[in-house]
Amino acid sequence: QSVDTEIRGVDGELRANVAAMLSLAQAEDLEQVSVWRLRRMATEATDEVREALAPFGYYSPDVAVRLIEPEADGGRWTATVDIEPGQPVAVTGVDIAISEPAASLEAFRQWRADWPLPAGRTLRHPPYEQALSGLQRIAEAHGFFDAGFAERVIRVDPAVAEARIDIDFD
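In this report, the structure presented in the accompanying data block is examined. (Residues numbered from 1 in each chain as written. Predicted model: local features only at pLDDT ≥ 70, side-chain atom pairs only at ≥ 80, totals over all residues. Heavy atoms only, no water.)

What about the overall build of the protein?
Okay, step 1: Within the protein one finds five helices and six strands.
Okay, step 2: Along the protein, helices (α) and strands (β) appear in the sequence β-α-α-α-β-β-β-α-α-β-β when read from the amino end.
Okay, step 3: In terms of C-alpha radius of gyration, the protein reaches 21 Å, well past the compact-globule figure of 15 Å for 170 residues.
Okay, step 4: Referenced to the eigenvectors of the C-alpha coordinate spread, the extents of the protein come out at roughly 70 × 35 × 25 Å.
Okay, step 5: Summarising the internal contacts of the protein: among those between residues at least 6 apart in sequence, 61% fall at separations of at least 24.
Okay, step 6: As displayed, the protein has an accessible area near 9,400 Å², and 47% of this comes from carbon and sulfur atoms.
Okay, step 7: The centroid of the 16 positive side-chain charges in the protein is displaced by 1 Å from the centroid of its 30 negative side-chain charges. (Helix = DSSP H or I, 4+ residues; strand = E, 2+ residues; numbered from the N terminus. Rg over C-alpha atoms; globule rule 2.2 N^0.38 Å. Contact = heavy atoms within 4.5 Å. Areas by Shrake-Rupley, 256 points an atom, 1.4 Å probe, with all protein chains shown as cover. Lys, Arg positive; Asp, Glu negative; His and termini not counted. Charge placed at Lys NZ, Arg CZ, Asp CG, Glu CD.)

This is the structure in structure tokens:
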């Protein structure tokens, strides 16, 4: 069998990431997929959508997946994935500690001033990861070759759509 997948309820980068993570969407490129496998993909779709939306701050989406059999033999199956992303998780607190002597250097103070996810902003994983990589590069550029993270944690409470970020860079 073959399948056509329709993703509804999200656009832009959210939709693109869902399409990249969704097995049903990837199966469109296959000439044939077993009915058993299509049903398995439909079952896995909810978890795949949740995983695809989390980096953008959406931890509690409502997802409905329907798999519709073709009307004629040899026809294509249709999969519809309806997504209500819900409320994005907001950063409610940020605690960043940089040990001395690095903390007193201008490059590290500027990095802290440019932190991309202050309290009140929607939690997004790409800027978080980029900022941490940037901190590591600054440390290496200043000769702190053994520098590292004693802690780098995002604590997410999806029930109240809040996240707290704790970073300890030594």
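Next comes the rest of the description.
Describing the packing of aromatic side chains
Okay, step 1: A full pass over the atoms with the stated rule returns four aromatic pairs.
Okay, step 2: Between the aromatic rings of Trp-115 and Tyr-128, the centroid separation amounts to 6.2 Å while the plane-to-plane angle is 85°, which identifies the pairing as edge-to-face. On the criterion of sequence distance, the pair formed by Trp-115 in the loop between helix 4 (106-113) and helix 5 (125-141) and Tyr-128 in helix 5 is long-range, its members being 13 residues apart. Tyr-128 shares its class with Trp-115; the two are buried. (Phe/Tyr/Trp six-rings, centres within 6.5 Å; stacked < 30°, edge-to-face > 60°. Buried < 20%, exposed > 50% of the residue type's maximum accessible area, 1.4 Å probe, protein only.)

Thoughts on the sheet that holds strand 4 (residues 90-98)
Okay, step 1: An order of 4-6-5 is seen for the three strands of this open sheet, with the pairing classed as mixed. Whereas interior strands pair on both sides, the edge strands pair on one side only; in this sheet they are strand 4 and strand 5 (149-157). When the angles between neighbouring strand axes are averaged without regard to direction, this sheet yields 5°.
Okay, step 2: Where strand 5 meets strand 6 (residues 162-169), eight bridges bridge the pair, whose relative direction is antiparallel. Across the sheet, Asp-157 pairs through a bridge with Glu-162, a residue of strand 6.
Okay, step 3: Running over the sheet, helix 4 touches strand 4 and strand 6 and is turned about 170° from strand 4.
Okay, step 4: Lying over the sheet, helix 5 contacts strand 4, strand 5 and strand 6, oriented at roughly 170° with respect to strand 5. (Pairing = 2+ DSSP bridges. Axes fitted to C-alpha atoms, helices over the stretch in contact; angles between N-to-C directions.)

Regarding unusual backbone geometry
Okay, step 1: Following Glu-100, the chain continues into Pro-101 via a peptide bond in cis, with omega recorded as 5°.
Okay, step 2: Tracing the backbone through its elements, the reader meets Pro-101 in the loop between strand 4 and helix 4.
Okay, step 3: Its identity as a non-glycine residue notwithstanding, Ala-161 has a phi of 55°, on the positive side.
Okay, step 4: Tracing the sequence through the fold places Ala-161 in the loop between strand 5 and strand 6.
Okay, step 5: Take Ala-161: its relative accessible area is 8%, and that puts it in the buried class.

Overview of the side chain of Ser-2
Okay, step 1: Along the chain, Ser-2 falls in strand 1 (residues 2-8).
Okay, step 2: With relative accessibility at 8%, the residue Ser-2 sits in the buried group.
Okay, step 3: A distance of 3.2 Å separates a polar atom in the side chain of Ser-2 from a polar atom in the side chain of Arg-76.
Okay, step 4: Beyond its immediate stretch of four places on either side in the chain, Ser-2 contacts Leu-30, Glu-31, Arg-76 and Trp-77. (Polar contact = N/O pair within 3.5 Å; in protein donor to acceptor, adjacent residues only side chain to side chain.)

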